[in-house]
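Working through the structure, step by step
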Amino acid sequence: MCNITINGIEVEARDGITILTAAREAGFTIPTLCFLEGTIPQGACRACVVEVEGAPSLAASCCTPIRNDMVIRTNTKRVRDARRTVVELLLSEHEGDCQTCVRGSDCELLLLARNLGIREIPFNTVNPVQQIDRSTPALARDPGKCIKCRRCETVCAEVQHVGAISAQYRGYDTVIGPAFASPLATVACVQCGQCAAVCPTGAITEISHVQGVWNALDDPKKHVVVQTAPAIRAALGECFSLEPGTLVTGKMVSALRELGFDAVFDTNFTADLTIIEEGTELLTRLKSALVDKKEVALPQYTSCSPGWIKYAEYFHPEILPNISTCKSPQQMFGALAKTYYAQKIGVKPEAMTVVSVMPCTAKKFECQRPEMDDSGYQDVDYVLTTRELGDMIKMAGIDFINLPDDTMDAPFGTSTGAADIFANTGGVMEAALRTVHALVTGRNLPAEDLHVRPLAGLEGIKSAEVTFTDTVENWRFLEGVTARVAVAHGLGNASDLITHIQETGEVFHFIEVMTCPGGCIGGGGQPRFTTDEVREARIAAIYKEDEGKTYRQSHLNPAITEMYEQFLKEPLGETSHHLLHTGYTGKELFTQEV
Amino acid sequence: MCTTQPVSARQPDLSESSLIPVLDEIIDSYCGTRGALIPVLQSVQNLLGFLPAPALQYVSRELNIPYSEVAGVVTFYSFFSTVPRGTYLVRVCLGTACYVRGGKEVLEALTKELGIRVGETSEDRLFSLEIGRCFGACGLAPVVMVNNTVHQRVKPAKIHELIEQYRSEGMQEREVQ
Ligand code: SF4
Ligand code: SF4
Ligand code: SF4
Ligand code: FES
Ligand code: FES
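Rules used throughout
Residues numbered from 1 in each chain as written. Chains lettered and ligands numbered in written order. Predicted model: local features only at pLDDT ≥ 70, side-chain atom pairs only at ≥ 80, totals over all residues. Heavy atoms only, no water. Helix = DSSP H or I, 4+ residues; strand = E, 2+ residues; numbered from the N terminus. Buried < 20%, exposed > 50% of the residue type's maximum accessible area, 1.4 Å probe, protein only. Areas by Shrake-Rupley, 256 points an atom, 1.4 Å probe, with all protein chains shown as cover. Rg over C-alpha atoms; globule rule 2.2 N^0.38 Å. Contact = heavy atoms within 4.5 Å. Lys, Arg positive; Asp, Glu negative; His and termini not counted. Charge placed at Lys NZ, Arg CZ, Asp CG, Glu CD. Phe/Tyr/Trp six-rings, centres within 6.5 Å; stacked < 30°, edge-to-face > 60°. Lys NZ or Arg CZ within 6 Å of the ring centre and 35° of its normal. Near = heavy atom within 4 Å. Nonpolar A, V, L, I, M, F, W, Y, C, P; charged D, E, K, R; others polar. Buried area = accessible area lost by both parts, 1.4 Å probe. Salt bridge = Lys/Arg side-chain N within 4 Å of Asp/Glu carboxyl O. Polar contact = N/O pair within 3.5 Å; in protein donor to acceptor, adjacent residues only side chain to side chain. Pairing = 2+ DSSP bridges. Right-handed = clockwise from strand over helix to strand, strands pointing away. Axes fitted to C-alpha atoms, helices over the stretch in contact; angles between N-to-C directions. Parallel < 35°, antiparallel > 145°, perpendicular 65-115°, else oblique. Left-handed = near helix turned anticlockwise from the far one by under 90°. Core = buried A, V, L, I, M, F, W, Y, C linked by side-chain atoms within 4.5 Å. Domains from an automatic or database assignment.

**Comments concerning the overall build of chain B**
- Per the secondary structure count, chain B includes six helices and four strands.
- Reading the helices (α) and strands (β) of chain B from amino to carboxyl end gives α-α-α-α-β-α-β-β-β-α.
- A buried classification covers 45% of the 177 residues belonging to chain B.
- Of the accessible surface of chain B, which amounts to about 9300 Å², a share of 53% is contributed by carbon and sulfur atoms.

**A few points about the overall build of chain A**
- For chain A, the helix and strand inventory stands at 18 helices and 17 strands.
- Against the globule reference of 25 Å for 594 residues, chain A gives a C-alpha radius of gyration of 25 Å, in line with a compact fold.
- Taken along its principal axes, the extent of the C-alpha atoms in chain A is 80 × 55 × 50 Å.
- Looking at the 594 residues of chain A, the share that counts as buried comes to 60%.
- The contacts of chain A with a sequence gap of at least 6 include a subset with a gap of at least 24, amounting to 74%.
- Across chain A, the 53 positively charged side chains and the 75 negatively charged ones have centroids separated by 4 Å.

**Focus: the packing of aromatic side chains**
Residue and element names in this part refer to chain A.
- Enumeration according to the criterion identifies 20 aromatic pairs over all chains in this entry.
- Where F265 meets F333, the ring centres are 5.9 Å apart and the plane angle is 55°; that geometry is what we call tilted. Separated by 68 residues along the polypeptide, F265 in strand β11 (residues 263-266) and F333 in helix α10 (residues 329-345) bring together distant segments of the chain.
- Between F265 and Y341, the aromatic rings sit 5.1 Å apart at their centres with planes inclined by 90°, giving edge-to-face as the arrangement. With a gap of 76 residues between them, F265 in strand β11 and Y341 in helix α10 connect regions that are remote in the sequence.
- By relative accessible area, F265 is classed as buried at 0%.
- Three or more aromatic residues link up through ring pairs in this structure, and these residues are F265, F269, F333, Y340, Y341, F412 and F567.
- The ring of F240 carries K394 above its face, with NZ or CZ at 5.5 Å from the centroid.
- When the ring centre of Y314 is taken as origin, the NZ or CZ atom of K587, which lies over that ring, is 5.8 Å away.

**A closer look at the site of ligand 1**
- For ligand 1, the full set of nearby residues is H94, G96, D97, C98, C101, R103, G104, C107, K145, T201 and G202 of chain A.
- The residue makeup of the shell around ligand 1, split by class, is three nonpolar, five polar and three charged.

**Examining the site of ligand 2**
- Surveying the vicinity of ligand 2 reveals the residues L139, C156, V162, A164, I165, C189, V190, Q191, C192, G193 and C195 of chain A.
- Looking at the shell around ligand 2 residue by residue, the classes come out as nine nonpolar, two polar and no charged.

**A short note on the interface of chain A and chain B**
- Contact with chain A, which involves 15 residues of that partner, is made by 16 residues of chain B.
- Summing both sides of the interface, chain A and chain B together bury roughly 1200 Å²; the carbon and sulfur share of this comes to 62%.
- Contact with chain B buries area across many residues of chain A, yet R170, F180 and F590 of chain A alone supply 50% of it, more than any other trio.
- Counting the contacts that link chain A with chain B gives one salt bridge.
- Residue D173 of chain A is joined to R133 of chain B by a salt bridge in which the shortest nitrogen-to-oxygen separation is 3.7 Å.
- Run the count over chain A and chain B and you get five residue pairs in polar contact (both at pLDDT 80 or more).
- The leading source of residues in the side of chain A that touches chain B is strand β7 (residues 166-168) of chain A, at three residues.
- Class assignment for the residues of the side of chain A that touches chain B results in eight nonpolar, four polar and three charged.

**Brief notes about the pairing of strand β16 (residues 482-489) of chain A**
Residue and element names in this part refer to chain A.
- Most of β16 sits inside the fold, with seven of its eight residues counted as buried.
- Examined bridge by bridge, strand β15 (residues 461-467) and β16 share seven bridges and lie antiparallel to one another. For T467, the partnering residue across the bridge sits in β16 and is T482.
- As judged from the five bridges shared by β16 and strand β17 (residues 510-514), these two strands associate in the parallel manner. If you follow H489 over to β17, its bridge partner there is M514.
- For the crossover from β16 across helix α15 (residues 491-504) to β17, the handedness is right-handed.

**Things to note about unusual backbone geometry**
Residues and elements named next belong to chain A.
- Between L298 and P299 the backbone carries a cis peptide bond, its omega angle lying at -5°.
- Looking at where P299 falls in the secondary structure, it is placed in the loop between α8 (267-290) and β12 (300-301).
- A cis amide bond, omega 10°, links R528 with the succeeding residue F529.
- Of note, F529 is situated in the loop between β17 and α16 (532-547).
- Positive phi values are uncommon outside glycine, yet D69 reaches one of about 70°.
- Looking at where D69 falls in the secondary structure, it is placed in the loop between β4 (59-60) and β5 (71-73).

**What about the sheet that holds β16 of chain A?**
Residue and element names in this part refer to chain A.
- With respect to topology, four strands assemble into an open sheet ordered β12-β17-β16-β15, the strand pairing being mixed. At either margin of the open sheet sits one strand with a lone partner, and together these are β12 and β15.
- Lying over the sheet, helix α14 (residues 427-441) contacts β15, β16 and β17, oriented at roughly 150° with respect to β17.

**Remarks on the sheet that holds strand β2 (residues 127-132) of chain B**
Residues and elements named next belong to chain B.
- Read across the open sheet, the four strands follow the order β2-β1-β3-β4; overall the sheet is mixed. Of all the strands in the sheet, just β2 and β4 (149-151) have a single pairing partner and so form its edges. Adjacent strand axes in the sheet meet at a mean angle of 20°, parallel and antiparallel pairs treated alike.
- One ladder, built from three bridges, connects strand β1 (residues 88-93) with strand β3 (residues 144-146); its direction is antiparallel. Bridging across to β3, V92 finds its partner in V144.
- Docked against the sheet, helix α5 (residues 96-114) engages β1, β2 and β3, running at close to 145° with respect to β1.

**Some points on helix α7 (residues 249-259) of chain A**
Residues and elements named next belong to chain A.
- Here α7 lies mainly inside the structure; nine of its 11 residues are buried.
- Listed in full, the buried residues belonging to α7 are T249, G250, K251, M252, V253, S254, A255, L256 and L259.
- Taken together, the buried residues of α7 touch α6 (210-218), β10 (223-228), β11, α12 (386-395) and α16.
- Immediately beyond the C-terminal end of α7, within one or two residues, lies G260, with a positive phi of roughly 110°.

**Topic: the packing of helix α2 (residues 37-48) of chain B against helix α4 (residues 67-76) of chain B**
Residue and element names in this part refer to chain B.
- Two elements in contact, α2 and α4, have axes separated by 11 Å at closest approach and are oriented at 65°. By the angle class used here, α2 and α4 are roughly perpendicular. Note on packing geometry: the crossing formed by α2 with α4 is right-handed. Between α2, through L37, I38 and L41, and α4, the contact on the second element is made entirely by V70, V73 and V74.
- A breakdown of the residues in the contact of α2 with α4 according to their chemical character gives six nonpolar, no polar and no charged.

**Things to note about the nonpolar core**
- Counting residues in each nonpolar core, the largest one holds 69 residues, and the members touching the most others are Y301, W308 and I511 of chain A together with L37, L41 and V44 of chain B.
- Leave out the neighbours within four places in its chain, and L41 of chain B touches L51, L56, V59, V70, V73, V74 and F80 of chain B.

**A few points about the domain arrangement of chain B**
- For chain B, the assigned domains are domain 1 (16-76) and domain 2 (88-176).
- Centre-to-centre, using C-alpha coordinates, domain 1 of chain B lies 30 Å away from domain 2 of chain B.

This is the structure we're talking about:
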């Protein structure tokens, strides 16, 4: 322990931590721009400077470790002046249009400028007009708003192991972007949007689908249905200043109705369906391997996360045969909405618009993939991020906080707790184990509260084992077999896990990968700013939602049973094959055209 | 600083099959470590005269460094070039002193005279045009460097004459070869 003094107050702090961490833990506010929780500080922006007694110059608090007896001041004239100069310089190179900027309400640069009392920009620079890069389906880059804090670069390289964007050129000409400042679509970007999630300004944002959705809602000839991903309900409240982890499922449904959707459905429904299809696929692979002694691709990897699929296509094409052929729940929903549901209500699929609300930017990319039109039309038309839905609710003048609770519509509104937990890292695996164990043994998963604790939480790579005993007739071949499963979230962890398996040959049967740290609750489209504390709050909320459900195992969902009876007939059957499954091929890293 | 002498107008063989063994040899000689990026790029440029995209992509893959980072290094240092350079590298100083004393007009005149923009090479591969930031000859601003020769107090009106000299010199040398 160290004893330090901050603004005259004596504070005890852990050895080795930075001034910033010590000050924040003790309740002092220090502004930061380039600092990004969980990554190595770069000390680039100097917005975080403080005075350290005895030191000739100001210290960047984010990368200066504390020493015993350090005397620190965070709020002197010298500190304020220095911070103001930093921000004034940034603003002088900034193409500001705050009134119309998407970040008008949550821009860290704007907030900092206000907090520092900047009223004019003393430096006059003529900035070259910057081109906005709209080359990819999910993300727009506006270099004119970039303050070169390089958080996006850090997250893309260190957390995601993609490295699609980095600093190009030098000095005044520096651009944080793809190689040679070329359009994002020409490089291997997986569209995860983690860059947009950490960007302090409007320099990287999702491509908006808001106008398209309004147009559909305003078109009386369109039947507009909406599906909401499990992770939305634990985060949407943050758009209205509710505490992270506040569950707003019922209010969300009310708001969607007020916005004018003809039917409000739940991606949870197809999450349950995914468990049936993907669980059956796993059991089929195991049977081929154990009984028929065939060469099958194991471990099976999950396929719900489109950023992960794109990552594998670029960086690990060798494991594509191992990835489940199941489409993601979003895409299963789209394909069923424009076939099964359209028939049921007598609406032509071309007159139906399917809108998704997703925590994810990559879903915007996914819905435009050529594989995703098995209904004969683009299965999902628009994808709104949680943030975009929040914006639409505000645009419509809906008093979200005071909305009553409502419930989703049949048939795609019925779901189990197993579907809710798709939002959390470890959740898809837990949901799969609940159902697979029940099918194979006829008994519930022997885990307290049905939770597989070793798979939960923010540890980067997690694993667990389940041994099947007293198996039922159909699955006797699994008697005594121990299934080994692993979970990785954040693509860096996924790539570490794949490398580990390839190098050591460690045996796993099923692996869950989610693109974003924390899983979908930490998605690139969630309300900013997602820290680990926020992730944990959302994760806890999702488990609470699960525990409150009547059914907590996907195979017990009565609407799913009905869907098989009326339409799909059997898991992995012909209709399923046509509508719910697909396959992927490797992508070249370097030869893409815009 | 431009440390490489522009290579002649000979077109290096850039097909993948001929590049790979050469690149492998260079990369191996630096043991494929991460810190090897800059020396590897220097060796490749010395060999080929510039850094073609396929070579950079190969280096990125082999050293396991994201392409954006490789490109970041290439674009950071002005001695790296991704386009073949002409016989004469013409660099116009746009440092403060030169800028104030007409560097921009000089650049405009050069752009017109050579028919190329900054960063480009003329079709006859005689000239490449670049800008620089202060060559340390501020007293003689505006300054233009052609390869290693410094031209001082350059006036836009004299650009044609200056370039013509190099043009005829270059053509003659080519004929000799
Ligand atoms: S990025 Fe921030 S400061 Fe810049 S225009 Fe948008 S809101 Fe304003
Ligand atoms: S979307 Fe993901 S992969 Fe693409 S640049 Fe952003 S962080 Fe990198
Ligand atoms: S795009 Fe955003 S996160 Fe990236 S460097 Fe610019 S301001 Fe920072
Ligand atoms: S936050 Fe400390 S230098 Fe940028
Ligand atoms: S500014 Fe041109 S030589 Fe110094």
